[in-house]
Amino acid sequence: MQIDRLGIHDSVSAVFPPEQLRDALSGTGPDVGIVDDQSARECDGVVTFAHEEEFLDCDWIHSIQAGYDRFPLDELENRGVVLTNSTGIHGDSVGETVAGYMLMLARRLGQYARQQERTEWDRPAWDVPFTLAGESVCVVGLGTLGRGIAERANALGMEVTGVRRSGEPVEGVDRVYASGDLHEAIAGPTFVALATPLTEETRGLIGEAELAAMDEGSHLINVARGGVVDQEALISALDEEGIRGAALDVFAEEPLPEGSPLWTMEDVLVTPHAAAYTRGYYESIAGLVQTNLERVGADEPFENRVV
Ligand code: NDP
Ligand code: 7N6
């Protein structure tokens with residue numbers, strides 16, 4: 001493979017200005033330009049947020065996301081198009097966001113922020129606030145995101161358990177369960193944080209039965225993908241006090257429709273699929289793309305190859 005022309009698809013503007021990445025990649029070898037769907041066809045490689053049919057004419061697609069659920073994997077395979085993703089760069093951003101969610105819920109900061117909007121001075125019931133120290137979190141998915149979450153939870157004095165397919169141990173996680181033992185893993189902790197990819201195996205991973213297995217005082221955190229959770233079952237569990245609260249960055253439909261009850265539930269935090277946003281995002285992407293350009297040049301295997 002030879003990458004003479006590299007396109008930065010205009011869809012990356014959902015996360016950062018395309019010019020930032022173009023400038024960061026200038027001088028790395030190929031001719032780098034900002035492209036739309038049509039002009040992407042003329043590129044050997046394209047760096048993108050969205051997927052477009054036109055990219056099937058390229059040799060290489062680099063997604064600026066870790067999640068690859070929006071790409072037609074079989075079709076890419078059949079057409080011989082390489083897909084690489086951006087796993088490995090979100091440990092700090094998403095780890096800090098999840099630490100923030102847990103602090104907001106435990107220390108009632110979300111409640112006070114809502115009250116401030118209404119200039120309302122109202123202290124919490126004595127038995128509602130708690131400290132994270134001594135509480136527990138089960139992190140489902142122990143890759144980049146999961147480890148970033150586990151690291152912060154440890155620093156906050158929490159007991160950290162987790163779930164991954166293999167069940168193999170992970171540093172900083174007191175006990176790791178294999179995915180077959182999910183119910184056992186999520187039954188006790190104060191927080192269950194979801195950080196898996198959306199795949200055939202994880203679609204609907206958290207449904208009615210899993211929510212029923214969770215503790216009544218617990219909170220579900222989802223920074224993975226909306227499809228990992230049965231959202232209707234979650235709304236019912238929150239309504240019926242089967243669980244205490246939730247912090248959600250991803251939803252069945254995005255943007256979350258205006259009429260969703262999740263917007264106004266007291267112990268629910270809604271963020272606009274923004275857990276990973278950071279002003280340094282384009283620099284991390286430039287690093288990944290540059291590494292792969294060097295690898296292509298040296299005839300070495302791609303890093304973060306999905307297809
Ligand atoms: P990684 O590939 O680094 O980690 C994925 C982890 O999920 C692995 O530990 C893997 O297990 C585990 N896993 C996969 N399938 C299952 C399963 N059935 N049961 C339990 N665990 C499972 O990915 P990242 O951490 O980089 O990203 C994870 C996902 O998070 C992305 O695919 C994306 O959808 C989402 N994401 C969301 C962001 C946001 O803005 N909200 C930002 C970045 C990512 P094993 O270790 O055994 O392989
Ligand atoms: C844009 C979202 C991912 O999968 O969804 C996230 O990487 C990224 C910052």
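Residues numbered from 1 in each chain as written. Chains lettered and ligands numbered in written order. Predicted model: local features only at pLDDT ≥ 70, side-chain atom pairs only at ≥ 80, totals over all residues. Heavy atoms only, no water.

Observations regarding a nonpolar patch on the surface
Step number 1: Together, L103, M104 and L109 line one region of the surface with nonpolar side chains, adding up to about 220 Å² of accessible area.
Step number 2: With respect to the helices and strands, the residue L109 is situated in helix α5 (residues 109-117).
Step number 3: Its relative accessible area of 43% is what places L109 among the partly exposed residues. (Patch = residues over 30% accessible without salt bridge, like charges linked within 9 Å, V, L, I, M, F, W, Y side chains within 5 Å. Areas by Shrake-Rupley, 256 points an atom, 1.4 Å probe, with all protein chains shown as cover. Salt bridge = Lys/Arg side-chain N within 4 Å of Asp/Glu carboxyl O. Helix = DSSP H or I, 4+ residues; strand = E, 2+ residues; numbered from the N terminus. Buried < 20%, exposed > 50% of the residue type's maximum accessible area, 1.4 Å probe, protein only.)

Comments concerning the packing of aromatic side chains
Step number 1: Per the counting criterion, the structure on display carries four aromatic pairs.
Step number 2: Seen in terms of ring centroids, F16 and Y281 are 6.1 Å apart; in terms of plane orientation they differ by 35°. Their pairing is tilted. With F16 in the loop between β1 (5-9) and α1 (18-25) and Y281 in helix α10 (residues 281-297), the pair connects residues that are 265 residues apart, well separated along the chain.
Step number 3: On the basis of relative accessible area, F16 is assigned to the buried category, the value being 6%.
Step number 4: For Y281, a relative accessible area of 7% corresponds to the buried category.
Step number 5: With centroids separated by 6.3 Å and ring planes inclined at 40°, the aromatic side chains of F130 and F191 adopt a geometry described as tilted. Of the two residues, F130 is situated in the loop between α5 and β6 (136-140) and F191 in strand β9 (residues 191-194); the sequence distance between them amounts to 61 residues.
Step number 6: By the ring-pair criterion, three or more aromatic residues cluster together here, those being F16, Y281 and Y282. (Phe/Tyr/Trp six-rings, centres within 6.5 Å; stacked < 30°, edge-to-face > 60°.)

Re the UniProt feature "domain: D-isomer specific 2-hydroxyacid dehydrogenase catalytic" (unreviewed entry) in the chain
Step number 1: If you check UniProt for "domain: D-isomer specific 2-hydroxyacid dehydrogenase catalytic" (unreviewed entry), the listed places come out as residues 56-306 in our numbering.
Step number 2: Secondary structure content for residues 56-306 is 33% helix and 15% strand, while the C-alpha to C-alpha distance between its ends is 15 Å. (UniProt positions renumbered as here; feature names shortened; annotations may be inferred.)

Thoughts on the site of ligand 2
Step number 1: For ligand 2, the full set of nearby residues is V15, Q65, A66, G67, H90, R225, H273, A276, Y277 and Y281.
Step number 2: Measuring from an oxygen atom of ligand 2, one finds a side-chain N or O atom of R225 at 2.7 Å.
Step number 3: In this structure, H273 approaches ligand 2 through a side-chain N or O atom, which is 2.7 Å from an oxygen atom.
Step number 4: Against a free-state accessible area of 290 Å², the protein chains account for coverage of 93% of ligand 2.
Step number 5: Among the residues making up the shell around ligand 2, the classes are represented as five nonpolar, four polar and one charged. (Near = heavy atom within 4 Å. Polar contact = N/O pair within 3.5 Å; in protein donor to acceptor, adjacent residues only side chain to side chain. Nonpolar A, V, L, I, M, F, W, Y, C, P; charged D, E, K, R; others polar.)

Considering the domain arrangement of the chain
Step number 1: One can read the domain layout of the chain as domain 1 (5-89 + 278-297) and domain 2 (91-270).
Step number 2: Centre-to-centre separation of domain 1 and domain 2, based on C-alpha positions: 31 Å.
Step number 3: Between domain 1 and domain 2, the residue contacts involve eight residues of the former and seven residues of the latter.
Step number 4: Together domain 1 and domain 2 conceal approximately 520 Å² of surface at their shared face, both sides included; 46% is due to carbon and sulfur atoms.
Step number 5: Sorting the residues of domain 1 by area buried against domain 2 places Y68, D69 and I89 first, and these three jointly supply 59% of that buried surface.
Step number 6: Residue composition of the side of domain 1 that touches domain 2, grouped by class: two nonpolar, five polar and one charged. (Domains from an automatic or database assignment. Contact = heavy atoms within 4.5 Å. Buried area = accessible area lost by both parts, 1.4 Å probe.)

Regarding the packing of helix α4 (residues 91-107) against helix α6 (residues 144-155)
Step number 1: Where α4 contacts α6, the axes come no closer than 8 Å and their chain directions differ by 50°. As summarised for this structure, α4 and α6 are arranged oblique, according to the angle between their axes. In the crossing of α4 with α6, the sense of the turn from one axis to the other is right-handed. Contacts from G91, D92, V94, G95, E96, V98, A99 and M102 of α4 reach α6 at T144, L145, G148, I149, R152 and A153. (Axes fitted to C-alpha atoms, helices over the stretch in contact; angles between N-to-C directions. Parallel < 35°, antiparallel > 145°, perpendicular 65-115°, else oblique. Left-handed = near helix turned anticlockwise from the far one by under 90°.)

Remarks on the nonpolar core
Step number 1: L6, F16, I64, M102, V137 and F191 are the most contacted members of the largest nonpolar core, which has 51 residues in total.
Step number 2: Sorting the residues of this core by element identifies β1, α1, α4, β6, α6, β9 and α10 as the ones contributing at least two each.
Step number 3: Ranked by residue count, the leading element in this core is α10, at seven residues.
Step number 4: Residue-level mapping places this core at the junction of two domains, with at least three residues from each of domain 1 (5-89 + 278-297) and domain 2 (91-270).
Step number 5: Beyond its immediate stretch of four places on either side in the chain, F16 contacts L21, I64, Y281, Y282 and I285.
Step number 6: The next biggest cluster of nonpolar side chains, apart from the first, holds 30 residues, and it includes C138, I186, L211 and V228. (Core = buried A, V, L, I, M, F, W, Y, C linked by side-chain atoms within 4.5 Å.)

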